[in-house]
Amino acid sequence: MTTKITVLVGTMTGTAQLVAQELELTWDDGDTLVETLLMDGLDASVFEREGVFLICTSTYGQGDVPDNAKKLYEDLQAKRPDLSQLRYGVFGLGDRTYAETFNFGGKRFDDLLAELGAQRIGERVQHDASSGVLPEETAAEWGAEWLEQARAAAAQTA
Ligand SMILES: Cc1cc2nc3c(=O)[nH]c(=O)nc-3n(C[C@H](O)[C@H](O)[C@H](O)COP(=O)(O)O)c2cc1C
């Protein structure tokens, strides 16, 4: 069975997009169809697409989602759609130097989607830019197992 994965990218300086590109390259193989969308201009209706979702987002300001993610985040808050059919993962990017708000961008999406009834696949990743480990490396290691879990979740909801 073909699994569709939509990766939604929230980014300010492109790092989260590099992560998404790495994941798309490793996952997209004919059995798994991956589409990566920058969050710019998206609203809550994006979650009407078929398949599972990965939120891949960094953190800015005082623990905020990046500017290009704000419209989507605020639209979800305003419309509060029933997302109980939605299965999603979160790959968050942040920096532990911001101790009080570490990885809040991913956490904000995770908390909101859960409130709207969606179920997360796997653990929320919290990449730390101050760790010296490249986020693409973290993604490559984490991505194989997440793909298995995502394919199983997609098969259950199909
Ligand atoms: C101005 C600024 C504010 C930031 N604020 C936070 C923050 O509050 N919490 C956090 O975990 N990381 C914070 N970060 C770190 C970024 O989320 C991190 O560097 C990330 O890898 C950037 O990814 P991007 O290029 O996709 O936007 C901040 C970075 C900058 C430059």
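The sections below set out a description of the structure shown in this document. (Residues numbered from 1 in each chain as written. Predicted model: local features only at pLDDT ≥ 70, side-chain atom pairs only at ≥ 80, totals over all residues.)

**Here we look at the overall build of the protein**
No. 1: Of the regular secondary structure elements, the protein holds four helices and six strands.
No. 2: Reading the helices (α) and strands (β) of the protein from amino to carboxyl end gives β-α-β-β-α-β-α-β-β-α.
No. 3: Taken against the 2.2 N^0.38 rule, which gives 15 Å for 158 residues, the C-alpha radius of gyration of the protein at 14 Å falls within 12% of a compact globule.
No. 4: Projecting the C-alpha coordinates of the protein onto the three principal axes gives extents of approximately 45 × 35 × 25 Å.
No. 5: Classification of the 158 residues of the protein by burial places 39% in the buried group.
No. 6: Sequence separation of at least 24 residues holds for 82% of the intrachain contacts in the protein that already meet a minimum separation of 6. (Helix = DSSP H or I, 4+ residues; strand = E, 2+ residues; numbered from the N terminus. Rg over C-alpha atoms; globule rule 2.2 N^0.38 Å. Buried ≥ 20, exposed ≤ 12 C-beta atoms within 10 Å, placed from the backbone. Contact = placed C-beta atoms within 7 Å.)

**As for the nonpolar core**
No. 1: If you look at the biggest cluster of nonpolar residues, it comprises 39 residues, and the most contacted ones within it are Val7, Cys56 and Tyr88.
No. 2: Residue assignment for this core shows that the elements contributing at least two residues are strand S1 (3–10), helix H1 (15–27), strand S3 (52–57), helix H2 (70–79), strand S4 (87–94), helix H3 (104–115) and helix H4 (135–157).
No. 3: Considering every element that reaches this core, the biggest residue donor is H4, with six residues.
No. 4: Beyond its immediate sequence surroundings of up to four residues, tyrosine 88 is in contact with Val52, Phe53, Leu54, Ile55, Leu113, Ala118, Arg120 and Ile121. (Core = buried A, V, L, I, M, F, W, Y, C linked by C-beta atoms within 7 Å.)

**Quick look at the site of the ligand**
No. 1: By nearness alone, 21 residues border the ligand, and Thr11, Thr13, Thr15, Ser58 and Gly94 come closest of all.
No. 2: Put simply, the parts of the chain that give the shell around the ligand at least two residues each are H1 and S4. (Near = placed C-beta within 6 Å.)

**Focus on the environment of arginine 124**
No. 1: Counting through the fold element by element, arginine 124 comes out in the loop between strand S5 (119–120) and strand S6 (125–128).
No. 2: A C-alpha to C-alpha distance of 5.0 Å links arginine 124 and valine 90, two positions 34 residues apart in sequence.
No. 3: Excluding its chain neighbours within four sequence positions, the residues that come into contact with arginine 124 are Val90, Gly92, Gly106 and Asp110.

**Side note on the pairing of strand S2 (residues 32–38)**
No. 1: Taken together, the seven bridges between S1 and S2 define a ladder with parallel strand orientation. Bridge assignment links threonine 3 to a residue of S2, and that residue is threonine 32.
No. 2: In this fold, S1 hands off to H1, which returns the chain to S2; that crossover is right-handed. (Pairing = 2+ DSSP bridges. Right-handed = clockwise from strand over helix to strand, strands pointing away.)

**Observations concerning the pairing of S4**
No. 1: Burial analysis of S4 places eight of its eight residues in the buried class, which makes it a mostly covered element.
No. 2: Strand direction decides the pairing type here: S4 and S5, joined by two bridges, are parallel. Considered in S5, the bridge of arginine 87 is made with glutamine 119.
No. 3: Note: S4 against S6, four bridges, orientation parallel. Within S6, the position partnered with phenylalanine 91 by the bridge is valine 125.

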